[in-house]
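# Analysis of the macromolecular model
Okay, here's what each chain looks like letter by letter:
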Amino acid sequence: MDDHEARLRRLRMRSWRRGTREMDLILGPFADARLQGMDAATLDRLEALLEENDQDLYPWVTARMRGEAAGPAALGPLLDEIAAHAAGRLREMRGA
């Protein structure tokens, strides 16, 4: 396994094993769907985001799902992408 594949596996595992079930269910499916297509800079931002506490991440993501700005500006585009992915999954689950 090369370094890039090992990095993706590590990021996927960290996304699915957050510590709170809510963030597992937000970040895990996002990682499954998007990790392969991320460039190195986005992977760096994801690693930085995964260093944040779930108690901070959850309100940031849910605020962004409502169209509100929340969280560090440097992580804003990634938080928006995560929020959009989570909102889409929620719509699918509701059958809308």
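Refer to the structure presented above.
The following paragraphs examine the structure supplied in this document. Computed from a predicted model, the values in this text were never measured in an experiment.

Conventions used here
- Residues numbered from 1 in each chain as written.
- Predicted model: local features only at pLDDT ≥ 70, side-chain atom pairs only at ≥ 80, totals over all residues.
- Heavy atoms only, no water.
- Helix = DSSP H or I, 4+ residues; strand = E, 2+ residues; numbered from the N terminus.
- Rg over C-alpha atoms; globule rule 2.2 N^0.38 Å.
- Buried < 20%, exposed > 50% of the residue type's maximum accessible area, 1.4 Å probe, protein only.
- Lys, Arg positive; Asp, Glu negative; His and termini not counted.
- Charge placed at Lys NZ, Arg CZ, Asp CG, Glu CD.
- Axes fitted to C-alpha atoms, helices over the stretch in contact; angles between N-to-C directions.
- Left-handed = near helix turned anticlockwise from the far one by under 90°.
- Contact = heavy atoms within 4.5 Å.
- Nonpolar A, V, L, I, M, F, W, Y, C, P; charged D, E, K, R; others polar.
- Expected span 1.5 Å × (residues − 1).
- Salt bridge = Lys/Arg side-chain N within 4 Å of Asp/Glu carboxyl O.

## Considering the overall build of the protein
If you tally the helices and strands in the protein, you get five helices and zero strands. Listed by position from the N terminus, the elements making up the protein come as α-α-α-α-α. Its C-alpha atoms give the protein a radius of gyration of 13 Å, within 12% of the compact-globule value 12 Å for 96 residues. For the protein, the C-alpha atoms occupy an extent of roughly 40 × 30 × 25 Å along the three principal directions. Scored against the burial criterion, the 96 residues of the protein give a buried share of 40%. On the protein, the mean spot of the 15 positive side-chain charges and the mean spot of the 17 negative ones are 4 Å from each other.

## Some details on the packing of helix α1 (residues 3-16) against helix α3 (residues 40-50)
In contact at an axis separation of 11 Å, α1 and α3 are set at 35° when each is read in the N-to-C sense. Handedness of the α1/α3 crossing: left-handed. Residues H4, R7, L8, R10, L11, R14 and S15 of α1 form the contact with α3, whose participating residues are A40, L43, D44, L46, E47 and L50. Among the residues forming the contact of α1 with α3, the class breakdown is six nonpolar, two polar and five charged.

## Structural notes on helix α4 (residues 54-65)
With 12 residues, α4 ought to run about 16 Å at 1.5 Å a step, and its terminal C-alpha atoms sit 16 Å apart, in line with that. Within α4, burial applies to D54, L57, W60, V61, T62, A63 and R64. Contact partners of the buried residues in α4: α2 (21-34), α3 and α5 (76-94).

## Here's the deal with the pattern of salt bridges
Applying the stated criterion across every chain yields a total of 10 salt bridges. Between E47 and R7 there is a salt bridge, with the nearest N and O atoms lying 3.0 Å from each other. With E47 in helix α3 and R7 in helix α1, this pair connects stretches of sequence that are 40 residues apart. Overall, E47 belongs to the partly exposed group, its relative accessible area being 21%.

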